[in-house]
Amino acid sequence: ELWLLGTVLSFWLEWRGVPALHASAAAVDGHAIGFLASKQGGKSTLAMALLQEGHPLLTDDLLPVDVEGDTACGRPGYPQMRMWPDHARHFVEDPESLRRAHPYIEKRRVPVGPNGVGTFCDESQPLSALYLPERADDPPIEVQPVAPTDALQAVLRHSFLPRLVEATGWQSQRLDTLAQLVKQIPVRRLTYPSGPEHLPRIADAILDVEA
């Protein structure tokens, strides 16, 4: 299942001309806000923070992006999140009782929806922004714009299967699509303090920017 919903799905999406970004996203007032990050980069935690504010999850870990004309949309994933127990226990009562995402790692599947936490959005949403999270010990919460060149490098860095896409000859197509993406929507750097106690303030800061 892990391979099917990760490597296989992202390869199929790329074959269809839909870039797959390593990101989580929430639906906010008819738009999607995405968080680009690698493993343990904070993307799932930030999406969960928006869930706690009443905004549905759009996807966790893999964000398919449709770019057509002047519109960029994020496609929905599936109604669950994958979180480490230390992070999950801030949102669920007994993370140890949840299914493992993989038999040999501790990360757990956190269900989203009627039998889990928050709600799930199962329809594509126009992307309003992508965020690059940066955690630190105790900085102020800051949101800063990212220059287009740096933004393109970031979305390329957080794309799935770069070597496989290059080997299949799809790299040029993906580069064009992602270059169009960063022209249409803002990419912002989010600096924020570590610790679950800060998540409500972080969510409020993001929502203030997007208001």
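**Student:** Can you lay out the side chain of H158 for me, pointing to particular residues and giving the numbers?
**Tutor:** Checked against the element boundaries, H158 lands in the loop between α4 (148-157) and α5 (162-167). Apart from residues lying up to four places away in sequence, H158 is in contact with A20, L21, H22, L36, A37, S38 and L132.

**Student:** Could you give an account of empty space enclosed by the protein, with specific residues and numbers?
**Tutor:** Tallied over the entire structure, the rule returns one cavity of 30 Å³ or more. One number sums up the size of the largest cavity: a volume of about 50 Å³. Taken together, E14, G17, V18, P19, W170, Q173, R174 and T177 form the lining of the largest cavity. For the lining of the largest cavity, the element with the most residues is helix α6 (residues 171-184), which contributes three residues.

**Student:** Can you break down the pattern of salt bridges residue by residue, with the values?
**Tutor:** Under the definition given, this model contains eleven salt bridges. As a salt-bridge pair, D86 and R89 come within 2.6 Å of each other at their nearest N and O atoms. Relative accessible area serves as the criterion here: at 52%, D86 is assigned to the exposed category. The shortest N-O distance in the salt bridge between R108 and E96 comes to 3.2 Å. Residue R108 is found in strand β7 (residues 108-111), and its partner E96 is found in the loop between α3 (85-88) and β7; the two are separated by twelve residues along the sequence. Each of the salt bridges in this network shares a partner with another, and the network as a whole consists of D86, R89, E96, R100, E106 and R108.

**Student:** How would you summarise α4 if you had to cite specific residues and measurements?
**Tutor:** For α4, the full list of buried residues reads A151, L152, A154 and V155. Along the axis of α4, the buried residues cluster in a sector spanning 160°; they form a single face. Seen from the open side of α4, the exposed residues pointing more than 90 degrees away from its buried face are T149 and R157. Among the structural elements, β1 (20-28), β2 (31-36), β8 (125-136), α6 and β10 (187-193) are those in contact with the buried residues of α4.

**Student:** Quick one: what's the story with the nonpolar core, residue by residue and with numbers?
**Tutor:** As a rule of thumb, nonpolar side chains are buried together in soluble globular proteins. Of all hydrophobic cores here, the largest spans 29 residues; its most connected members are M48, M81 and V110. Setting aside anything within four residues of it in sequence, one finds V110 in contact with M48, Q80, M81, M83, A88, V92, L98 and V117. Membership of the second largest hydrophobic core comes to 25 residues, among which are L36, V65, V155 and V187.

Quick notes on the rules
- Residues numbered from 1 in each chain as written.
- Predicted model: local features only at pLDDT ≥ 70, side-chain atom pairs only at ≥ 80, totals over all residues.
- Heavy atoms only, no water.
- Helix = DSSP H or I, 4+ residues; strand = E, 2+ residues; numbered from the N terminus.
- Contact = heavy atoms within 4.5 Å.
- 1 Å grid on protein atoms, 1.4 Å probe; cavity = no way out; pocket = protein on both sides within 12 Å on 5 of 7 lines; lining within 4 Å.
- Points joined across faces, edges and corners; volume = space filled by probe spheres on them.
- Salt bridge = Lys/Arg side-chain N within 4 Å of Asp/Glu carboxyl O.
- Buried < 20%, exposed > 50% of the residue type's maximum accessible area, 1.4 Å probe, protein only.
- Arc of directions from axis to C-beta.
- Core = buried A, V, L, I, M, F, W, Y, C linked by side-chain atoms within 4.5 Å.

Note that all results are geometric; they support no functional claim without further evidence.
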